[in-house]
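# Examination of the molecular architecture
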Amino acid sequence: MSKPSVLVARKTFDDIVDRLRPHFEVEANDSDTGWSQDELIRRLQGKAGAYIAGGDRIDAKLLDACPELKAVCTMAVGYNNIDVAACTARGVVVTNAPDVLTETTADFGFALMMATARRITESEHFLRRGEWKQWSVTMFAGADVHGATLGVLGMGRIGAAIARRGHLGFGMPVLYHNRSRLPADQEAPLGAQWVEKDELLRRADHLIIVVPYSASSHHLIGQRELRLMKKTATLTNIARGGVVDDAALAAELKVGTIAAAGLDVFEGEPTVHPDLLACENVVLTPHIASATIATRRAMSNLAVDNLIAALTGGAPTTALNP
Ligand code: DGY
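Conventions used here
- The numbers attached to residues start from 1 for each chain and follow its sequence in the written order.
- Totals for whole chains, interfaces and linings use all residues, but because this is a predicted model, local features are given only for residues with pLDDT of at least 70 and pairs of side-chain atoms are given and counted only at 80 or more.
- Strands are runs of DSSP state E lasting at least 2 residues, helices are runs of H or I lasting at least 4, and numbering of each runs from the N terminus.
- Radius of gyration: C-alpha atoms only; globule rule: 2.2 Å multiplied by the number of residues to the exponent 0.38.
- Each residue is classed by its C-beta neighbour count within 10 Å, where at least 20 other C-beta atoms makes it buried, 12 or fewer makes it exposed, and intermediate counts make it partly exposed; the C-beta atoms are placed from backbone geometry.
- Note that the domain bounds reflect an automated or database-derived domain assignment.
- Gly is placed with the polar residues, together with every amino acid not listed as nonpolar (Ala, Val, Leu, Ile, Met, Phe, Trp, Tyr, Cys and Pro) or charged (Asp, Glu, Lys and Arg).
- Working rule for contacts: place C-beta from the backbone, and if it is within 6 Å of a molecule or strand, that residue counts as near it.
- Picture the helix axis, draw a direction to every C-beta atom, and the arc is the one those directions span.
- By definition, residues are in contact whenever their C-beta atoms, placed on the basis of the backbone, come within 7 Å of each other.
- Residue-level confidence of the predictor is what pLDDT reports, using numbers from 0 through 100.
- UniProt positions are given in the numbering used here, feature names are shortened, and annotations may be inferred rather than shown by experiment.
- Strands are labelled as partners when DSSP assigns at least two bridges between them.
- The definition of a right-handed crossover adopted here requires that, viewed with the strands pointing away, the path from the first strand over the helix to the second runs clockwise.
- Note on definitions: a nonpolar core is a set of buried residues drawn from Ala, Val, Leu, Ile, Met, Phe, Trp, Tyr and Cys, linked by C-beta atoms within 7 Å.

## Section: the overall build of the chain
- Assigned secondary structure in the chain consists of 13 helices and 12 strands.
- A compact globule built from 322 residues should have a C-alpha radius of gyration of about 20 Å, and the chain, at 21 Å, falls within 12% of that.
- In the chain, which comprises 322 residues, the proportion classed as buried is 43%.

## Focus on the domain arrangement of the chain
- The domains assigned to the chain are domain 1 (5–98 + 293–311) and domain 2 (102–284).
- Centre-to-centre, using C-alpha coordinates, domain 1 lies 32 Å away from domain 2.
- Taken together, the residues of the side of domain 1 that touches domain 2 sort by class into 1 nonpolar, 3 polar and no charged.

## A word on the site of the ligand
- In the region of the ligand, the neighbouring residues are Gly54, Ala76, Val77, Gly78, Leu101 and Ser290.
- Looking at the shell around the ligand, its residues break down into 3 nonpolar, 3 polar and no charged.

## What to know about helix α11 (residues 246–254)
- Regarding α11, the residues found buried are Asp246, Ala248, Leu249, Glu252 and Leu253. The buried residues of α11 all sit within an arc of 155 degrees when viewed along its axis, so they share a single face.
- Looking at the buried residues of α11, the elements they touch are α10 (223–228), β11 (260–263), α12 (274–277) and β12 (282–284).
- Looking one or two places after α11, you find Gly256, whose phi comes out positive at around 80 degrees.

## Concerning the confidence of the model for the chain
- Mean pLDDT over the chain: 98, with 100% of residues reaching 70 or higher.
- The ipTM for the predicted assembly is 0.94, set against a pTM of 0.96.

## What about the UniProt feature "domain: D-isomer specific 2-hydroxyacid dehydrogenase catalytic" (unreviewed entry) in the chain?
- As recorded in UniProt, the feature "domain: D-isomer specific 2-hydroxyacid dehydrogenase catalytic" (unreviewed entry) lies at residues 8–321.
- The span residues 8–321 is 36% helical and 13% strand by assignment, and the distance between its end C-alpha atoms comes to 21 Å.

## So, the UniProt feature "domain: D-isomer specific 2-hydroxyacid dehydrogenase NAD-binding" (unreviewed entry) in the chain
- In this numbering, the UniProt entry assigns the feature "domain: D-isomer specific 2-hydroxyacid dehydrogenase NAD-binding" (unreviewed entry) to residues 110–289.
- When the span residues 110–289 is considered, its composition is 34% helix and 14% strand, and the gap between its end C-alpha atoms is 10 Å.

## Points about the pairing of strand β9 (residues 206–209)
- Taking every second residue as pointing to the same face, both faces of β9 are buried, with His206 and Ile208 on one and Leu207 and Ile209 on the other.
- Sheet analysis places strand β6 (residues 150–153) next to β9, joined by 4 bridges and oriented parallel. If you follow Gly151 over to β9, its bridge partner there is Leu207.
- Where β9 and strand β10 (residues 234–237) come together, 4 bridges link them in parallel fashion. Following the sheet pairing, Leu207 is matched in β10 by Leu235.
- Of the crossover connections in this fold, the one passing from β9 over α10 to the parallel β10 is right-handed.

## Regarding the nonpolar core
- In terms of nonpolar packing, the biggest core is built from 55 residues, with Val152, Ile162, Ala163, Val174, Leu207, Ile209 and Val210 touching the most fellow members.
- Looking at this core, the element that brings in the most residues is helix α5 (residues 102–117), giving 7 residues.
- The contacts of Val210, once residues within four sequence positions are left out, are Gly109, Val152, Leu153, Gly154, Gly156, Ile158, Gly159, Ile162, Ile238 and Ala239.
- Grouped together as the second largest cluster of nonpolar side chains are 42 residues, Val6, Val8, Ala48 and Ala76 included.

And the structure:
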């Protein structure tokens, strides 16, 4: 009997792709460029499964055009690019890759927050431009991180890992807002206190955004919210671009409503709003919060495990279908 076929739509480590070969005929993207949705539909013809990443859109149109598809396994934790309800209605298993990236992503969120507060890239650009003529008391004086109030918007696994770093490592009082409050025995080790969103915005010295993207979190942070924040505050976004209104953020950064921002994700990425590119007080990185070799391997391996399980009668460990 011939083996089912699967598509690896995103280039990943060769040895991890090879794990699929005993089970399936494999077509793999060998370029770092993702495919358009039309190309994805074309390549998914006759495929039973797909290994994908955050930029690959799986919606009803694609599902209807690919009736043999039985499993979609993303190597990302975020899955706002997948219409899970449409998949479920057509019997397509959907999995994501939580947990394996939590600590790595929290490390990066913390690093980005620190780079933003301490003006690291801004000062590096100044040095590289040859503008450093002498040491000065006030040159690139930024904001302390230790002891400052950390605001966490979205207290899931990654939010909790960031709160733990702030509380235990940097002596930061931690405030958070989440739709549901954590039980007291989970708040205590994080030193975390639940507050309403507006109070979080008013009181945080360093706000970090870690909420999943959905219709209800679209532009959760816009002009009104930014104007509630302290003039000295920083905002770091490692969630999804659409959670922050980038145009509003650029406008408010320009007039000093807040001190600085650190952004790893953008609305419409890889395009970045030109007004953000023009701001000196923003640290910009290309969606790399989970990008360590060990973690990207773990994410890829989990997606491959799930794909094998879903198509060979096993139970994927991180299925998203209800
Ligand atoms: C994730 O896993 O969701 C990261 O943002 C990479 O896409």
